Amino acid sequence: MSLEVSQKITIEKTKNSKIDQVDFNNLPFGQVYTDHMLICEFENGKWELPKIIPYQNLHLDPSAKIFHYGQSVFEGMKAYKDENNDVFLFRPIENQKRMNISAKRLAMPELPESYFMEGLETLLLLDKDWIPTTPNSSLYIRPFMFASGNGFHASPSDKYTFIIACSPSGPYFGGELKVLIEQKYSRSANGGVGYAKAGGNYAGQFYPTNLAIEKGYQQVIWTDDTSHEFIEEAGAMNIFVRINDTLVTAPTSDRILDGITRKSIIDIARDQGISVEIRRISVNELVEASENGSLKEMFGAGTAAVISPIDGFGFGDKDYILPKLEETYATKLKKQITDIQYNRSEDKFGWRQLVK
Ligand code: PLP
Ligand code: COI
């Protein structure tokens, strides 16, 4: 770490650690929070130095613009511990850059790289004991920024708050994953904010997702907003389809989040000699492939979801069930990416970053 920012971060330690109350063998996803959080305010046109303080409630005026106009962006990352208790991040610069891409789209100020990275590393070292070592667990990291300035005028805020909160977490999904291909609602549109990790993108998905849940599915697969003929991504993950032995995933666009897991999987798969095509996938192609037996696998990829195999998809009134294979790309690729993340294998791509 440089001496620039990390030396200047003030740290107020908690007097009442909650760590003894946590059952690390039964961690839910994102519901238990560590002892500390990082907070950084933007005011008078500049970012103040980050502070680490005990995890606590926020005080906001009812007129704070986040409540009215939704200026809010976030990231999702994980910290992993290896058997020597060393702590690692996975491609963290990609999250830092993406948060600024999101912020720019929502007319919010960009946060300097050193504030994000050094702030995060300082926080992780302080709350290191919270990083779980139980299988399939990690410390989920949620950096987020929102409009904390006041006023009902529909214009960008003059104040923003950046926070990093962390949660020791188990798997995001439990049990079977059946998805519904959406034909009416859209998650995003050309020229919109779909490529940003903006809070509002998720709010807009909840109602159609609830309708899908009522029909017995767990997630929606979004299709393009104009024709609804091409599959794009799911609520919290990019989608991969295996047709015969080729992996196919949709190209990123204005409408799709440029997932870090997605691009890592593409590189790992190609490195393993698996053919990967980045191209549009029509619902017709998917249905035909399911009917003629060439559709072997579908899975979602994301930081929270890691690689989550999809058991079946619904389209219209029909359900299509994926075959149960002995050896899947999903299992193989999940092992490879998590072995890099948890420092169990060589990292030929240079993605793993030791926190020190
Ligand atoms: N797509 C959406 C809408 C997401 O929310 C996420 C999760 O972050 C992803 C894709 C996967 O992105 P990443 O692999 O960077 O976590
Ligand atoms: C992540 O995968 O980290 C995400 O941000 C998805 C989130 C909606 C749980």
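About the cut-offs
Residues numbered from 1 in each chain as written. Chains lettered and ligands numbered in written order. Predicted model: local features only at pLDDT ≥ 70, side-chain atom pairs only at ≥ 80, totals over all residues. Heavy atoms only, no water. Domains from an automatic or database assignment. Buried area = accessible area lost by both parts, 1.4 Å probe. Salt bridge = Lys/Arg side-chain N within 4 Å of Asp/Glu carboxyl O. Near = heavy atom within 4 Å. Polar contact = N/O pair within 3.5 Å; in protein donor to acceptor, adjacent residues only side chain to side chain. Areas by Shrake-Rupley, 256 points an atom, 1.4 Å probe, with all protein chains shown as cover. Phe/Tyr/Trp six-rings, centres within 6.5 Å; stacked < 30°, edge-to-face > 60°. Lys NZ or Arg CZ within 6 Å of the ring centre and 35° of its normal. Axes fitted to C-alpha atoms, helices over the stretch in contact; angles between N-to-C directions. Helix = DSSP H or I, 4+ residues; strand = E, 2+ residues; numbered from the N terminus. Parallel < 35°, antiparallel > 145°, perpendicular 65-115°, else oblique. Contact = heavy atoms within 4.5 Å. Nonpolar A, V, L, I, M, F, W, Y, C, P; charged D, E, K, R; others polar. Buried < 20%, exposed > 50% of the residue type's maximum accessible area, 1.4 Å probe, protein only. Core = buried A, V, L, I, M, F, W, Y, C linked by side-chain atoms within 4.5 Å. Expected span 1.5 Å × (residues − 1).

1. Let's talk about the domain arrangement of the protein
When the parts come together, some accessible area is lost, and that loss is often what is quoted as the size of the interface.
Then step 1. For the protein, the assigned domains read domain 1 (2-169) and domain 2 (178-340).
Then step 2. Distance from the C-alpha centre of domain 1 to the C-alpha centre of domain 2: 28 Å.
Then step 3. Both sides together, the interface formed by domain 1 and domain 2 hides about 1,600 Å², and carbon and sulfur atoms give 61% of it.
Then step 4. Here domain 1 and domain 2 share one salt bridge between them.
Then step 5. The shortest N-O distance in the salt bridge between Glu-94 and Lys-263 comes to 3.1 Å.

2. What about the site of ligand 1?
Then step 1. Lys-197, Tyr-202, Glu-233, Thr-261 and Thr-303 are the nearest of the 17 residues found near ligand 1.
Then step 2. At 2.8 Å, a side-chain N or O of Arg-98 approaches an oxygen atom of ligand 1.
Then step 3. In the model, an oxygen atom of ligand 1 is placed 2.6 Å from a nitrogen or oxygen of the Thr-261 side chain.
Then step 4. A total of 380 Å² of accessible area belongs to ligand 1 in isolation, and the protein chains cover 97% of it.

3. Topic: the packing of aromatic side chains
Then step 1. Applying the stated criterion to the full structure yields 16 aromatic pairs.
Then step 2. Between Phe-349 and Trp-351, the aromatic rings sit 4.2 Å apart at their centres with planes inclined by 10°, giving stacked as the arrangement.
Then step 3. An aromatic cluster is defined as three or more aromatic residues linked by ring pairs; in this entry it consists of Phe-29, Tyr-140, Tyr-172 and Phe-173.
Then step 4. Above the ring of Tyr-329, the side-chain terminus of Arg-242 is found at 3.9 Å from the ring centroid.
Then step 5. In this structure, Arg-280 is placed above the aromatic ring of Phe-230, and the distance from its NZ or CZ to the ring centre is 3.8 Å.

4. Description of the packing of helix 5 (residues 260-271) against helix 7 (residues 329-341)
To describe two helices that pack against each other, one gives the angle between their axes and the distance between the axes.
Then step 1. It is the contact of helix 5 with helix 7, at a shortest axis distance of 10 Å, that shows an interaxial angle of 110°. The pairing of helix 5 with helix 7 is recorded here as roughly perpendicular in orientation. Across from Thr-261, Ser-264, Ile-265, Ile-268 and Ala-269 in helix 5, the residues of helix 7 making contact are Leu-333, Gln-336, Ile-337 and Ile-340.
Then step 2. Split into classes, the residues belonging to the contact of helix 5 with helix 7 amount to six nonpolar, three polar and no charged.

5. Focus: the site of ligand 2
Then step 1. All residues adjacent to ligand 2 are Phe-74, Gly-76, Tyr-140, Arg-142, Tyr-172, Lys-197, Tyr-202, Ala-236, Thr-303 and Ala-304.
Then step 2. Within the side chain of Tyr-140, an N or O atom sits 2.6 Å from an oxygen atom of ligand 2.
Then step 3. Between ligand 2 and Lys-197, the relevant distance is 2.7 Å, taken from an oxygen atom to a side-chain nitrogen or oxygen of the residue.
Then step 4. In terms of domain composition, the shell around ligand 2 takes at least three residues from each of domain 1 (2-169) and domain 2 (178-340).

6. Describing unusual backbone geometry
Then step 1. Positive phi values are uncommon outside glycine, yet Asn-44 reaches one of about 50°.
Then step 2. Within the secondary structure, Asn-44 is located in the loop between strand 2 (36-43) and strand 3 (46-47).
Then step 3. Positioned with a positive phi, His-228 is a non-glycine residue whose angle comes to about 55°.
Then step 4. Within the secondary structure, His-228 sits in the loop between strand 11 (219-223) and strand 12 (230-234).
Then step 5. Taking the relative accessible area as the measure of exposure, His-228 reaches 16% and is therefore buried.

7. Let's talk about the nonpolar core
Then step 1. Ranked by internal contacts, the top residues of the largest apolar core, which has 39 residues, are Trp-47, Leu-111, Leu-124, Ile-141, Met-145 and Phe-162.
Then step 2. With six residues, the single largest contributor to this core is helix 3 (residues 113-126).
Then step 3. For Ile-141, the residues in contact, after removing those within four places along its chain, are Glu-75, Gly-76, Met-77, Lys-78, Ala-79, Leu-89, Leu-120, Leu-124, Ile-164, Ala-165 and Cys-166.
Then step 4. Met-237, Val-241, Leu-286 and Ala-305 belong to the second largest nonpolar core, which has 24 residues in total.

8. So, helix 3
Then step 1. In this model, helix 3 (14 residues) spans 20 Å end to end at C-alpha, consistent with the 20 Å of a helix rising 1.5 Å per residue.
Then step 2. Within helix 3, 10 of the 14 residues are buried, leaving the element largely enclosed by the surrounding structure.
Then step 3. Those residues of helix 3 lying buried are Tyr-115, Phe-116, Met-117, Glu-118, Gly-119, Leu-120, Glu-121, Thr-122, Leu-123 and Leu-124.

9. Some details on the pattern of salt bridges
Then step 1. Going through the model one piece at a time under the given rule, you end up with 17 salt bridges.
Then step 2. Here Arg-187 ties to Glu-233 by a salt bridge, and the two come within 2.9 Å at their closest N and O atoms. Linking Arg-187 in the loop between strand 10 (178-181) and helix 4 (199-214) with Glu-233 in strand 12, this pair joins segments that are 46 residues apart in sequence. The exposure classification of Arg-187 matches that of Glu-233, with both residues buried.
Then step 3. Where Asp-339 meets Arg-344, a salt bridge forms, and the shortest distance between an N and an O atom there is 2.8 Å.

10. Some details on helix 2 (residues 92-105)
Then step 1. Spanning 14 residues, helix 2 covers 20 Å between terminal C-alpha atoms, matching the ideal 20 Å at 1.5 Å per step.
Then step 2. Within the sequence span of helix 2, burial applies to Pro-92, Asn-95, Gln-96, Arg-98, Met-99, Asn-100, Ser-102 and Ala-103.
Then step 3. Where helix 2 terminates, the next one or two residues include Ala-107, which has phi positive at roughly 55°.

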